[in-house]
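# Structure at a glance
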Amino acid sequence: MNAGPLSGIKILEVGHILAGPYATMMLADLGAEVTKLEPPTGDLSRQVSDAYFASLNRGKRSICLDLGTDEGQCRLGEFAAESHALLVNLKPSAIRKYGLTYDALRKWNDKIVCVALTGYGLDSGDDPAFDYVIQALTGVASLTGDPDGPPTLPGYSAADNSTGLTAALGLLAQIVSGRGGQVDVSLRDVMLSQLNYRASAYLNEGTEPRRMLHGAHSYYVPAQLFPTSEGYLALFVTHDGFWQSFAKEAGIDGFTTMAERARNRDEVLAAVTAVLATDTAAGWEARLRPLGVPSAAVRSLPEALAETPESVVTAGDFRLVGSPVKVAGYEPQYGAPPRLGEHGALPARS
């Protein structure tokens, strides 16, 4: 079995809860050695639940370190000297206070990559920034939900997870460059970036984004959730070939081009809604999937996990969703989440 693609890469992590630990867990899954430098009280996610902590920290090492002490700062420098990167998600003032920037650590290792994962940017102050707050202020919440209802948040931490992945990308890019340096990634910037085509339509065409019934796509028709005789069906018809296959199965005539369907959105949606009501969501999925039409019955998470047992892995005493990155010839070794200070500890200040 091959070693992981990041075998030999040593990464330090300082932070709490989700975005930063998720970033480094993705790197650990790919073979990097990730060491959490935790305060005496530990990562805050340890206080949520053991399962929560495990979902973000499998396969890492934990060293308990009080960065507010001279001894802690000395040990930080020693670790930095032997590491390729440091990823930290704390507020900017804390990042600087504890010497977790490239400018502070370059004296120990001028090749180290320091990634700051913050709410608004390393130079943008300490305003509180949590996933839901960022979704609200970037416009994500205003675009989610039905038009006559309140703004809505998705059922998982979209901003934290997306920013974690982006931070991991920035970390790897700077390591590949062969240069040390500071990488700055913020939740706000990531979520604005992920509104790519929505933002472009507004900036270049003056099209203000709005919520659509059943999460309808702003361009493609029909592309949304539809009620059926039992359950909801996600149907995502983009190009004309998909429409031809769907329309033949559904018995709908006309609307043969994307432009025609967009111009006649209400009429198309009325016809599609009526015909989908004649069968269940599962029934339509079974009919449309063999035709290559993008569609799926809405499932619960337990249902989705039951259908994809290969996605569930064991890490110590925990069953978790495994890495989404599949590398030929490499099978991740999912280690248990570390106990606080399991791999070393310094006494806290008295």
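These lines cover the structure that appears in this document, whether it is placed above or below. (Residues numbered from 1 in each chain as written. Predicted model: local features only at pLDDT ≥ 70, side-chain atom pairs only at ≥ 80, totals over all residues. Heavy atoms only, no water.)

Let's shift gears to the layout of surface pockets. The computed volume of the largest pocket comes to approximately 700 Å³. Looking at the largest pocket, it is lined by 23 residues, and the ones nearest its centre are Y22, S55, N161, L320 and V321. The set of elements that each furnish at least two residues to the lining of the largest pocket consists of α1 (19-29), α2 (50-57), α14 (301-307) and β11 (318-321). Across the lining of the largest pocket, the residue classes break down as 13 nonpolar, seven polar and three charged. (1 Å grid on protein atoms, 1.4 Å probe; cavity = no way out; pocket = protein on both sides within 12 Å on 5 of 7 lines; lining within 4 Å. Points joined across faces, edges and corners; volume = space filled by probe spheres on them. Helix = DSSP H or I, 4+ residues; strand = E, 2+ residues; numbered from the N terminus. Nonpolar A, V, L, I, M, F, W, Y, C, P; charged D, E, K, R; others polar.)

In this section: the nonpolar core. I11, L27, A32, V115 and L171 are the most contacted members of the largest nonpolar core, which has 29 residues in total. At the level of elements, α1, β4 (85-89), β5 (113-118), α7 (158-177), β6 (181-186) and α8 (187-194) are the ones that each hand at least two residues to this core. Not counting residues within four places of it along the chain, the set of residues in contact with V115 comprises L86, L87, V88, A167, L171, Q182 and V183. One finds V221, F242, F255 and V272 within the second-largest nonpolar core, a separate group that totals 22 residues. (Core = buried A, V, L, I, M, F, W, Y, C linked by side-chain atoms within 4.5 Å. Buried < 20%, exposed > 50% of the residue type's maximum accessible area, 1.4 Å probe, protein only. Contact = heavy atoms within 4.5 Å.)

Topologically, S162 is positioned in helix α7. If we skip the residues at most four places from it in the chain, S162 touches V190, M191 and Q194.

A separate point is unusual backbone geometry. Cis geometry marks the peptide bond from V221 to P222; its omega dihedral reads 0°. Summarising the element assignment, P222 is placed in the loop between α9 (196-205) and β7 (223-227). Positive phi values are uncommon outside glycine, yet I17 reaches one of about 60°. The class for I17 is partly exposed, based on a relative accessible area of 27%. A positive phi angle is found at F255, which is not glycine, with a value near 55°. Mapped onto the elements, F255 comes out in the loop between α10 (240-250) and α11 (258-263).

Now for the sheet that holds strand β8 (residues 232-236). Picture the strands of a sheet paired through backbone hydrogen bonds; they go either parallel or antiparallel. The three strands lie next to each other as β7-β8-β9, forming an open sheet whose pairing is antiparallel. Looking at strand neighbours, the two that pair on one side only are β7 and β9 (295-297), the edges of this open sheet. Taking the axes of each pair of neighbouring strands and ignoring which way they run, one obtains an average angle of 20° across the sheet. Bridge count for β8 against β9 is three bridges, and the pairing is antiparallel. Bridge pairing in β9 links L235 to S295. Each of β7 and β8 is contacted by helix α12 (residues 265-276), which is oriented at about 40° to β7, the strand it contacts most. (Pairing = 2+ DSSP bridges. Axes fitted to C-alpha atoms, helices over the stretch in contact; angles between N-to-C directions.)

As a further point, take the packing of aromatic side chains. All told, the structure shown has five aromatic pairs when counted by the stated rule. Seen in terms of ring centroids, F246 and W284 are 6.4 Å apart; in terms of plane orientation they differ by 50°. Their pairing is tilted. Linking F246 in helix α10 with W284 in helix α13 (residues 281-288), this pair joins segments that are 38 residues apart in sequence. Judged by relative accessible area, F246 falls into the buried class, the value being 0%. Members of the aromatic cluster, joined through ring pairs, are W243, F246, F255 and W284. Looking at R287, its charged tip hangs above the ring of W284, at a distance of 3.9 Å from the centre. (Phe/Tyr/Trp six-rings, centres within 6.5 Å; stacked < 30°, edge-to-face > 60°. Lys NZ or Arg CZ within 6 Å of the ring centre and 35° of its normal.)

As a further point, take the pairing of β7. Looking at chain direction, β7 and β8 are connected through five bridges and run antiparallel. By the bridge assignment for β8, Q224 is matched with L235.

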